Each structure stands twice: as structure tokens, then as C-alpha cells.
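Structural overview for review
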Amino acid sequence: MRKKNTAGFAWLIDLAGAALFAAGIAIAVTGAATSGLIEAEAVALILVGGLVRAVAVGLVHRLAITGAQRIAAARRLPVIRRLIGEPMAEPPSLGASAVLAIDHPQAIENYQARFMPSRFAASAAPLFVIAVTAFASLVAAGILLATFIPFILGMILAGTAARRASEEQLGAMGQLSGLFVDRVRGLGIIRHFRAEERVTRQVRGAANDLADRTVSVLRIAFLSSAVLEFFSALAVALVAVYCGFSLLGLLPFPNPEVLTLREAFFALAMAPEFYLPMRRLAAAYHEKQLGEAASDALDQLPEPLVRAPAEAAFTGIAANGARIDWPGRSIGPVSFALGRTGMIALTGPTGSGKTSLLAAIAGQVALTDGTITPVAPDNIAWAAQRPLILPGSLADNLALGRINATQDEIAEAIERVGLSPMLAARGAGLDLILDHRGSGLSGGERRRLGLARAILAGRSLTLADEPTADLDADSARDITALLIALARDHAVVVATHDPIVIEAAGEEVAL
Amino acid sequence: MNRELIDNAVRGRTATVLRQAFWYALLAGISSVLLLALSGWFLTAAAIAGAGGVAAVAAFNYLIPSAAIRGLAIVRTGSRYGERLLSHRAALTAMADWRGALFGKLAAQDSRTAPDLSGGDASARLIGDIEALEDLIVRRPTRPASLAAALFAVGLTILSGWMAALALALLLAALPFLLKHAATRWTREPAAEAADALGELRAAFVDAAAARPEIISYGIADRVAQRLEDLAARVDRANAALFRGEGHVAGLLIGYGTVAAAAVLLFAQSPAALIALGLLAATSSVEAMAAFARTAMRQASVEQGLARLALLTGLEGEPVRAEAKREAALPLAIGATRIVPGERIAITGASGSGKTRLIEALAGLRAPVHTLRLNDTPLAECSQTVLTGQFALSPQDAALLAGSIADNLRLARPGISEDQMRAALHIACLDTRVAAMPDGLDTLLGESGGILSGGERKRLSLARALLADRPWLLLDEPTEGLDAATEALLVTRLGEWLDATGTGVILVSHRQAPLALAARHIPIDGID
């Protein structure tokens, strides 16, 4: 048996405890009925049964979460790695990435921990209960089995309708939450336009609508749990009535077995256990839906892009009718050529796909059409619009560009991008500690850090993404001068819509 | 405070439904206890009668108990269904009322002092907190009903002997406290740790995903992934501890049921059939108390959420219907510079020097840090209503709402016609783009702008500000992301519109073209 079912097996230990408990109370009641005395062994059996059950439930949880986390972590690691660091034909948006890497593995963990052990228990435990009951009373076991068949039919009928209804409801709830969150985030602008009262009415109306619709959906959705509840109660009632009439000798048909009170009471005490695993399963049904949806979404994660083989030495780059087609947008086509040195500017309004085209030049996203000279990854430096900062010193962060850079080289890179005044103003040096939020670096300073990292990396081709966006004219001029200097002995491709940078570039490629 | 929050949420129409749900829950609890107890009694009594011979069997009334057992099975099913449906209906209507009321309270605040919920984390947490409250309302009828069912079980146990009943009563009375203590001990810390660790992981991951191209270029994916995996491992450890804690509480409850059964047996003094009755009543009474275990386990995470919600619902005020008429233009002073209505001013300065802050202060979004006066009154003393009557903002980040293009334009003021929308879009150079969309003005934008590019979003927000019909226009980088030709066209059209309407402008831009709209430039460094 595969490992993930060990927690399911522990549910069977729980059932063994239930059987001990049932035997204990059956013996106790029989003792009271025959001799008026309750045997100490019976009480001990009851308490041991309870102890076994308590330990088993703890064990189920312990095993379930360990297995579930092993499965979820195995799904999570490759997803994280791919989303942050592998070329993909079409990388998902930031929000979608966070859902894929964090929320979906969490949903899979919940599914594995809460649903899977119960699923195993729900298929194995009823057989166990029937087998144990059969030792006491074959007919009672037969009654349990007989309720099971209409139960399955009822679940198929009610369950299908209920599943559809609850999925619809999940979707609608999600929409309402979405509207609510969106309007809460937009409160500033809503108040600014004096639309408070109008938007409040809209939110209220949507919430009331949904509440009304959901109630009618729930009428159907709760039917499947009613079916479960009904058969669970019916099993107890039928076993009780059969056993009672059998003990009275009043059965309207010939009795195939001779029941004692002990056997009858044992069968009665086991009857609720027959449907208990299925009730647990039903309670975790929501986790199953979410977990399966999450698993499907992770299965559909695009494969990493296979890079075209590139020359080891960088000799220049050329694009020929390069075009990227994504659903709803088209980038390019563009053509250009750049040698070992010099700078070209990719221009176009925000959202026209400059960053995506830069990524295509770096071989990180796929072209739909046309060609771009493949460049070996270790020949490319990337100066990001919002560079990565890992918790650690400023020097460590720059050295992400080149692991073996010396302190002098790092200091020189910092000097070149004009970060020295900032360090001086803070009375700090290369050992300035940054947290992941950048420890109060402004957007412009962070941008310069990315540029310093690119310079330090000393790669032949530098790709710079909007190096001057949101900077004032003076800062933008400094950065532009730096790019011009860099382009004297390196190749530079800069994505920008800043006229100063465009003018500084030897060539403009418009998107 | 939390109790008050829930009480407020379930007033009015909800309270009636909740009362009905309680009666169903009570019926379900009692029939559950009675089904097992009566079955146990029936079996034992039948066995004794069967052993007593034909006369004893003939004297035994089997019809009523056997019919009652079957009837109880049906009653239990029906009442459980009713309880679930009604408690959910109560929660849904309560939450609908309550969401609306909460939103109204938030909307009625002054942006300058209101709690900031604009961040993704804050608003996502708000949704989580509200769902937790909804869950509490769903389970609200269950707790008193399970107490009542437990009491009923104690009553049945009296038939097994008063000592047995007393023992059961004591055990049941101690159970809620025991469960609460156990849940606090086993789940409180891991729950807090899990929430904290998850927040850290999320923030670190989003940073890393945003830096994808850089990570790939420098080949540092393993290092960054390792760091994220370490953070994720911390989340896993906390979640595992929490889950094991839930297991301990569940185990405690199940073990407690058998202790109750044993106690009833030890203290019972009645005939066997009545002992069987009390025995099974005791067992099912502990099961009925499971609702307390669930509540106790969620207590830790729910409490924090409710405390956050209570802070928000404690806010005063209700949104009032806004008047649509255009207000008379008031003169402005920025630092020492006086500005008369209709003037066009550019604020200049290096990035990070606070230009956006100044614009947002005028818009009433944030408290001012610069010396600003409206009609000779310091801005901080002007009410939000006065400010929003004077200024219409096109902010740096566009700030669009999910909905259609028309929805976003209509936000500006009530009663805007489609022709007015098209005219405003024309000035913003977005009319042909919108006309080319299959759904035109009704095109849905989706989350944060969706199908529109950054530059297009910006222009839609400009059109919205034009439609607001205020004496002053506040423009923060209005042409960011535009190509030179579109930018020139937009500046021309905007200039004509300003001339025609006599609207004043306070403008911030790094680009030359829009700066040409301004007659005067005020360096931000000169404002104290």
C-alpha cells in the first residue's frame, strides 16, 4: 500500500477501538440484565476502547499532515523554481504566480490531509463494520448492507445536483468577495469623486442578490447531506427494531439466527459507525474540490522553455521580424541589429510589450514568429525596473550579479551609478543591511542598485528595463550618461519611453 | 467586544431565522440522543421480556417504542436539514446586511484619517475575517442547542440513577472549559505562527517573481528558491503543529465520551433497560458537544480577525447622497504662491521630493505635509467634502475599479450620458480605441484594468477626472506611457477643453509636453 494511506489505516484502528467500546457496553448491559451486576472487565473494555480511539485519532492527524505536506512540498518546490527562475513561453502574472506557488500547494495539503485519509477510511471502514457486526448478527450486518444500496443511489442523485449547486455557489461567492475587495481598495478614489453612497448601494445590492440566490442553491446542495443523515439514522433504527423483535421472538419471518442481548447490543452500538466515515468524508468535500482544482492548475503549468544553443562568445545580436502573440495582445514584429558595442532603444507606450521583448532577447520567453540571435545566458546582464533585493548587505546584493566580485569592484560599481551620496547621507558603507523591502531605498535608488549589479556582472550584453521611469530630469540625465559610457565597450538594449534615453541610443526600434 | 460584533450582525430579520434554526437544531440534538437511548432501552427491555416467557412478551408494548425509533430517524434527518438551511440563510442575510453596513461605514470616512485597506494583504485579510464571522453565525444556533440536548441527556440518565445523572452533568459541565483550555494549549500558538510565516513567504515570493528576468539572467534561481523554500518550511512546521493540535482536541473529545459512558455505568442503580438508556444517552450527549470543540479550535484565529473587524465597525458615520451641482471655484495657495481659479500650475522637482504627496493632499486622499491653503483656510482644516467639491484627480496609478469602462466613467458624478463619456474619451485620445472594442463602453476591465495597457488606463482615468466637472483638475503624470504623437494630440485637446471650461490645473510631470500646459512652474523645494 502506498504511503499516503497510512493515515487511512489509522482510521481502522479507531474502528477497532469502537468495537472494543461496543463490546464493553454490550457486556455491561448484559451483566446488568442477567445478574444486576456490572463487571469491572466491561468498564475496563469501554475505557480501553476510548483510549484506543483517542490515540488513533491523534495518530490519523499526525500521519495525515506529514504525508500531505510531503506531497504538497514536492509539488511546490518545482513550481516556485519555475515561476521565479526558469524561462517560460508565457510566464503568468504576479498575482497568478503567487496563487500557483503558495495557495495551490496549500489547497493540495488540505485536500491530502483532510480528505484522502477519510476517503480510504470511507471505502474500507464500512466493510470492516459489516464484518465485525456479522460476528454478532448476520441479519444486522445484512441490514447495514441493505441500507447501503439505496444510500449510494440517493447520493448519486442528490450528490450530482448538490455538487453542481455548490460549485455554482463557490463561484458566486468568489465574485462577491472580488467586488467587495475591489471597492474597498478603491475607497480613496470613490470618496474623492463623492460616490460613497452610490457605491455602497451597489455593494449592498450585490450582497443581497447573492444571499437570495445562494439560499435557493443551498436547498439542493444540502440534500446530499440529508440523504447521508437519513441512512445513517435509518441504519440505527432498523438494527434496533430488528434486534428488539428478534429478542421478543416476534419477527414476522423465520429467524435465521438466535440473538442474545449481548450480540444485539453490540450490533446496535456498531451501527452508527457504519456511516461515520462517510460523514467525515462529506465534511471534507470542500477541501477535495479546492484541492483537485489546485492540482489541475499546477498540472497545466507551462513547461520551461528550451533555449536555442548559442555561441560561447558574444558577437552581436540581430532580430528579424520577431513577434510575440499572446491571447489578447501582440508584440512586434521588430527587426534590428546590434554589434559588440552600442545602444539601441526599444520604445513604445507602457503595456506595449517592451519588457516582454527584452525577455525574448534574453531567451526567457518564446517568439511566435521571426528570429533573434540566441545569446548564451552568462553573457547577459539585466538591469530591472524593480530589482531583486534579498535580505543581507548591500555588497551581498550587488554580488548576486557576480559571486566572486571584490569589495573594490563593488565599491566602484556603486560609485558609477551614483549611489555613493545616498550611502554617505546614511553614514553607511557596503555593509549597509537591506531587508527584502529594500530598507527604505527609494524607487530610483533601487533602480540604480540594479544597474550597479548589471555593471558588476560584466556581461557582454546589458538589457535595461525602463532605467529612467519615474526619475526627475537630473537623475535621468545621470543614468543616461552612464548608459552611454557603458555602450562604448558593451552592447546595451534599453526598453524606454524617455526621449532623453531614446536620443542617447544610436537606434530606435518602435513597438 | 467580539460578542457585540456578532450580536450586531444578527439583528432584525436574521434574528428570527436564527431562532427558527435554533429550534431545528434543538430538535435534531434531542432526537439524536433519543434515537440511540431509546434503541438501547428497547433492545434490553425486549431481551428481558423475551427471556420472561410468552406472558412477558405479550405484556410488552413494542409498538410505541419501535414506531418512535423509526419516527426519530426521520425527525433527526428533517431537523438537521432545517437547521443547516436556516442557519446558512441567517448567516447569508446577516452577512449581506453587514457587508453593506461595513462598507458604508468605511466609505463615510475621511480618506486622510481612515484605516488604509488598499493593500492586497489588508483587503484579503478583511475577506478572511468576514468569512470567519459568517462561519460563527452559521454555528451560532448549534451551541445552545447542543447544550440543551446535553441537558436532555442528563435528564434521561436520571432514569439510570441520580448519581449517574449527577456524574454525567458534572462531566458535561466541565467539557466546554476543558475543550477551550485544550484548544488554547494546542492550537493558539501554531495558528499565530502559521499566519505570520505565510505573510512573510507571500511577500518574499512576490518580490522574487517580479524579479524573474534578473534571477534567470544571473542564474541565481537555486539560491532564491532555497530562501523561499526555507520560508515555506516554516509555514509547514506551523501548519503541522496546528493540525496535530486539532487531532489532540478531537482525540480528547472521543475519549471523553467513553469516560462519560463508564461513569454512568459505575454510578447506575436502575434495572438494566434503564441503564442501557442512560448509557447511550451519555455517549451521544458528548458527541452533541462536538460543536464546542470546533469553536474552541478556531477561537485562536477567529479572535484576532474579529478584533480587527470590531475596529472597523466601531467607526462612526453613514454615506450621504452627494449633490451634483458644480461648486464655485475657490482660490488656492501653494506655499507663498497665490493661485486664482482657472490658473494652470506645474509642480516641479526631483523624484521622491513629494510632488505626488502634494497632489494627493489637495485631492483629500492624504494629510498635507506642505503649506497649502484653500480659500485662505489651511488644507488640514478643510473638510473632505470641501476638497472633493473643488478637485478632480487623475492619479499616478490610474486607480480604476473592476467593472466596465462606463462604470469607471460614471464614478465621476451621477447622471453622466454616453455622449458626455465619448466626448471625455475623445479628449483623452481613447475614443477610437474604445469604439473598436466589441462591447464599446460596456467592455469589462477585469482586475486592475485588465485589457487596457498602462497608458490607456491612465487616459481612462483622465477622462473620468474631466467628467467630474470640478473647478480644479489634478494631473499626476498624465501622459506617462504615451508615444510622442498621441501625447501632443492629447495635450492640445486638453488645452482646448481647459480654455472652454475655465478649469484650473495643478500638474506634475517629468515630461516636457504636458508641462507646456502650465503657465507657471512652482519648484517643490521652495514650498515649506
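With an unreviewed UniProt entry as reference, chain B is termed ATP-binding cassette subfamily C protein CydC, source organism Stakelama pacifica. Recorded in UniProt for chain B, the comment headed Subcellular location (unreviewed entry) runs: "Cell membrane".

In the annotation of an unreviewed UniProt entry, chain A is listed under the name ATP-binding cassette subfamily C protein CydD and assigned to Stakelama pacifica. On record in UniProt, under Subcellular location (unreviewed entry), the comment for chain A is "Cell membrane".

**Topic: the overall build of chain A**
For chain A, the helix and strand inventory stands at 16 helices and 10 strands. Taking 511 residues into account, the globule formula puts the C-alpha radius of gyration at 24 Å, and chain A, at 35 Å, lies well above it. C-alpha atoms of chain A, sized along the principal axes, occupy 105 × 55 × 45 Å. Counting all 511 residues of chain A, 52% fall into the buried class. Looking at chain A alone, contacts between residues at least 24 apart form 78% of all its contacts between residues at least 6 apart.

**Quick word on the sheet that holds strand 1 (residues 332-334) of chain B**
All names here are of chain B. Read from one edge of the open sheet, 4 strands run 2-1-4-5, paired in antiparallel fashion. The two strands at the open ends of the sheet, each matched to only one other strand, are strand 2 (337-339) and strand 5 (377-378). By the bridge criterion, 3 bridges tie strand 1 to strand 4 (residues 372-374) in an arrangement that is antiparallel. Across the sheet, Ile334 pairs through a bridge with Leu372, a residue of strand 4.

**Regarding the packing of helix 7 (residues 162-210) of chain B against helix 9 (residues 221-267) of chain B**
Residue and element names in this part refer to chain B. For the pair helix 7 and helix 9, interaxial distance at closest approach is 8 Å and the crossing angle is 175°. Looking at the two axes, helix 7 sits roughly antiparallel to helix 9. For the contact of helix 7 with helix 9, the residue count by class is 35 nonpolar, 4 polar and 5 charged.

**Here we look at the UniProt feature "transmembrane region" (unreviewed entry) in chain A**
All names here are of chain A. Under the UniProt annotation, the feature "transmembrane region" (unreviewed entry) is placed at residues 12-38, 44-65, 120-137, 143-162 and 220-253. In residues 120-137, the share of helix is 94% and the share of strand is 0%. The end C-alpha atoms are 26 Å apart. Helix and strand shares over residues 143-162 are 100% and 0% respectively, and the end C-alpha atoms of the span are 27 Å apart.

**Some details on the pairing of strand 7 (residues 472-476) of chain B**
Within a regular beta strand, the side chains point alternately toward one face of the sheet and then the other, so they alternate between its two faces. Residue and element names in this part refer to chain B. With respect to burial, strand 7 is a largely interior element, 5 of its 5 residues being buried. Residues Trp472, Leu474 and Asp476 point to one face of strand 7 and Leu473 and Leu475 to the other, with burial holding for every one of them. For strand 6 (residues 391-394) and strand 7, the ladder comprises 4 bridges, and the chain directions are parallel. The residue of strand 7 that forms the bridge with Ala392 is Leu473. Pairing geometry for strand 7 and strand 8 (residues 504-508), over 5 bridges, is parallel. Counterpart to Asp476 in the pairing with strand 8 is Val508.

**As for the domain arrangement of chain A**
For an interface, size is often stated in terms of accessible area lost upon the parts coming together. Residues and elements named next belong to chain A. Parsing chain A into structural domains produces domain 1 (1-137 + 277-306), domain 2 (138-258) and domain 3 (317-510). One C-alpha centre belongs to domain 1, the other to domain 2, and the line joining them spans 21 Å. Here the element with the most residues in the side of domain 1 that touches domain 2 is helix 3 (residues 94-136); it accounts for 6 residues. Residue composition of the side of domain 1 that touches domain 2, grouped by class: 7 nonpolar, 2 polar and 1 charged.

**Details of the domain arrangement of chain B**
When its domains are assigned, chain B resolves into domain 1 (2-313) and domain 2 (332-526). Once you take the C-alpha centre of each, domain 1 of chain B and domain 2 of chain B turn out to be 52 Å apart.

**What to know about the environment of Arg76 of chain A**
Mapping Arg76 of chain A onto the fold places it in helix 2 (residues 40-85). Note on Arg76 of chain A: 24 C-beta atoms within 10 Å, which makes it buried. Setting aside its immediate chain neighbours within four residues, Arg76 of chain A contacts Ala101 and Pro105 of chain A together with Ala232 of chain B.

**With respect to helix 7 of chain B**
Between its first and last C-alpha, helix 7 of chain B extends 70 Å over 49 residues, near the 72 Å set by a 1.5 Å rise per residue. Considering bend angle alone, the principal kink of helix 7 of chain B is centred on Thr187 of chain B and spans about 40°; proline Pro190 of chain B follows within four residues of it.

The rules behind these values
- Residues numbered from 1 in each chain as written.
- Chains lettered and ligands numbered in written order.
- Predicted model: local features only at pLDDT ≥ 70, side-chain atom pairs only at ≥ 80, totals over all residues.
- UniProt positions renumbered as here; feature names shortened; annotations may be inferred.
- Helix = DSSP H or I, 4+ residues; strand = E, 2+ residues; numbered from the N terminus.
- Rg over C-alpha atoms; globule rule 2.2 N^0.38 Å.
- Buried ≥ 20, exposed ≤ 12 C-beta atoms within 10 Å, placed from the backbone.
- Contact = placed C-beta atoms within 7 Å.
- Pairing = 2+ DSSP bridges.
- Axes fitted to C-alpha atoms, helices over the stretch in contact; angles between N-to-C directions.
- Parallel < 35°, antiparallel > 145°, perpendicular 65-115°, else oblique.
- Nonpolar A, V, L, I, M, F, W, Y, C, P; charged D, E, K, R; others polar.
- Domains from an automatic or database assignment.
- Expected span 1.5 Å × (residues − 1).
- Bend = angle between axes of the 7 residues up to and from the residue.

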